[in-house]
Amino acid sequence: MSYDSRSRIILRAAGLVATKYRYDTLARVMLGQGKTSIQADIDSIAELVDFLKFNVQYGKDILNTPSLHQPENIENKVVWRGLEGFVAAISPFNFSAIGANLASGPALMGNVVLWKPSDTAVLSNYQFFEIMQEAGVPDGVVQFIPADGPTFGDVVFSNPDLAGTVFTGSSKTFKTIWRQIGENIDSYKTFPKVVGECGGKNYHFVHKTADVDCVVNGTIRSAFEYGGQKCSACSRVYVPDTLWPEVREKLVSEIAKIKVGNTEDMSSFLSAVIDGTSFNKIKSYIDHAKSSGDYTVLAGGECDDSVGYFVQPTLIQADDPKGKLMSEEIFGPVCTVYVYPAEQAVETLDLVATTSPYGLTGAVFTHDREFLEVARQKLRHTAGNFYINDKSTGSVVGQQPFGGARGSGTNDKAGMGAYLTKWISPQSVKESMAPLPYWKYPYMG
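Residues numbered from 1 in each chain as written. Predicted model: local features only at pLDDT ≥ 70, side-chain atom pairs only at ≥ 80, totals over all residues. Heavy atoms only, no water.

Topic: the environment of Gly-403
Here Gly-403 lies in the loop between strand S16 (385-388) and strand S17 (405-406). The spatial distance from the C-alpha of Gly-403 to the C-alpha of Ala-414 is 6.8 Å, given a sequence separation of eleven residues. Contact partners of Gly-403, with chain neighbours within four places excluded, come to Glu-197, Leu-360, Gly-384, Asn-385, Asn-411 and Lys-413. (Helix = DSSP H or I, 4+ residues; strand = E, 2+ residues; numbered from the N terminus. Contact = heavy atoms within 4.5 Å.)

Here it is in structure tokens:
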């Protein structure tokens, strides 16, 4: 198919998501993945449709690159091809929009995609697969393959036709994928393209000049929306001792107002975490904080799996800035605060930069422009998405392309045109209009 034909199919899929299947999609995400109505709408409708529509425009921009130089008697052009082989797309549970983008982006650029959804997001992902078929994606172009992860990997990453893989999930799993591809490198027809977006230990750094209410409200939303089950969620906060009494009082007071409940209850701010494995992991960190002398639980800390897997929004203060809860990804509604001396703000920036192996998102709250420039330089490689006086979550397609480096992935930035260039293989074509009359060069005479 031509790009124009493929793009019309993708735009039709976007229209079906936004209209015909809007409420069915919301229901599947709310009940299947535990999202409140607004979180489901932001994800499975707004962001998903944005990915589809923006990608179509980004693809057009790539194909309409400036004309090449055309010397006399020569015609030059670039042919944009899909990759030679298939793309393996492995998507997470927490964002249906990511699954849709991982599957549809490479297909838009002319590739066959083998899509493995998360075990805990099959329902909503399968609906988008059906929507793509209804929109006109031919059978076999996108193949929906729910499977055990290692089984899928053993088959796919040993296949000589693997041309690329796009993954969103844990750093540990991504390393396993990378290792498998490396071990099989001699068997492939081409070097596979590898794109990964992994986790984060995202920070809010608060300067003494920050607006306290902005810090409190932004931290609550970033740390606890969707139970902290966002790779961009705020998980560690650095607060100067001069502001800490006020920040602490307001955080504890506001957290006490948060309702955790059923997603069908419109007064719920967050609901259950995704499954028992996640619940047990989150609980283990809270238990560690309760039993260790290095932490103080300031709010929350209760876990209940009697009916569903519910974890209360939990705020913890850490005495050790490099301890377990300040350095490891938890992926739950747990936020840990370290209080630093206000006069040591610059030195504490170095602590932020070296505590975690990740580099996904981070935020600095300050009204001191001179300090902000220092922070931007010292935190340069700590975040692929850097926020100033705003929370560390909530990137918007076409506004803040998303992704990070270090242990957070390859930083290929979903939500911008460069991401789609991963899934095409350009071919330069030169056609000579005049025969070559001799083989010798003039200097040889």
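A closer look at the sheet that holds strand S5 (residues 162-168)
The strand order across the open sheet formed by five strands is S4-S3-S2-S5-S6, and the pairing between neighbours is parallel. Each of the sheet's edge strands pairs with one partner strand only, and the pair in question is strand S4 (142-144) and strand S6 (193-197). In this sheet, neighbouring strand axes are inclined to one another by 15° on average, regardless of whether the strands run parallel or antiparallel. For strand S2 (residues 86-90) and strand S3 (residues 112-116), the ladder comprises five bridges, and the chain directions are parallel. Note on S3: the bridge partner recorded for Ala-89 is Trp-115. Sheet strands touched by helix H5 (residues 122-135): S3 and S4. Its angle to S4, the strand with the most contacts, is close to 150°. (Pairing = 2+ DSSP bridges. Axes fitted to C-alpha atoms, helices over the stretch in contact; angles between N-to-C directions.)

Description of the packing of aromatic side chains
Here a ring pair, both rings aromatic, is described through the centre-centre distance and the interplanar angle of the planes. If you walk through the whole model with that rule in mind, you get 17 aromatic pairs. Residues Phe-93 and Phe-331 carry aromatic rings whose centres are separated by 6.1 Å and whose planes lie at 80° to one another, so their mutual orientation is edge-to-face. Linking Phe-93 in the loop between S2 and helix H4 (96-108) with Phe-331 in the loop between helix H11 (324-327) and strand S13 (334-340), this pair joins segments that are 238 residues apart in sequence. One exposure class covers both Phe-93 and Phe-331, and it is buried. Aromatic side chains Phe-205 and Phe-371 sit 5.9 Å apart centroid to centroid with 25° between the ring planes, which places their arrangement in the stacked category. One end of the pair, Phe-205, is in strand S7 (residues 202-206); the other, Phe-371, is in helix H13 (residues 369-378), with 166 residues separating them in the sequence. With a relative accessible area of 6%, Phe-371 lands in the buried category. Within the aromatic cluster, the residues linked to one another by ring pairs are Trp-115, Tyr-126, Phe-128, Phe-129 and Phe-144. Across the ring face of Phe-95, the terminal group of Lys-35 is positioned such that the distance to the ring centre comes to 4.0 Å. Positioned over the ring face of Tyr-226 is Lys-35, at 4.6 Å from the centre of the ring. (Phe/Tyr/Trp six-rings, centres within 6.5 Å; stacked < 30°, edge-to-face > 60°. Buried < 20%, exposed > 50% of the residue type's maximum accessible area, 1.4 Å probe, protein only. Lys NZ or Arg CZ within 6 Å of the ring centre and 35° of its normal.)

A look at the layout of surface pockets
Here the largest pocket is characterised by a volume of approximately 1300 Å³. Every residue lining the largest pocket is counted, 42 residues in all, and those nearest its centre are Phe-93, Phe-167, Gly-169, Ser-170 and Thr-173. Elements with a contribution of two residues or more to the lining of the largest pocket: helix H6 (149-156), S5, helix H7 (171-183) and helix H10 (276-291). The biggest single contributor to the lining of the largest pocket is H7, with seven residues. When its residues are assigned to classes, the lining of the largest pocket shows 17 nonpolar, 17 polar and eight charged. Mapped onto the lining of the second largest pocket, the elements with two or more residues apiece are helix H3 (37-63), H4, S5 and S6. The biggest single contributor to the lining of the second largest pocket is H3, with eight residues. (1 Å grid on protein atoms, 1.4 Å probe; cavity = no way out; pocket = protein on both sides within 12 Å on 5 of 7 lines; lining within 4 Å. Points joined across faces, edges and corners; volume = space filled by probe spheres on them. Nonpolar A, V, L, I, M, F, W, Y, C, P; charged D, E, K, R; others polar.)

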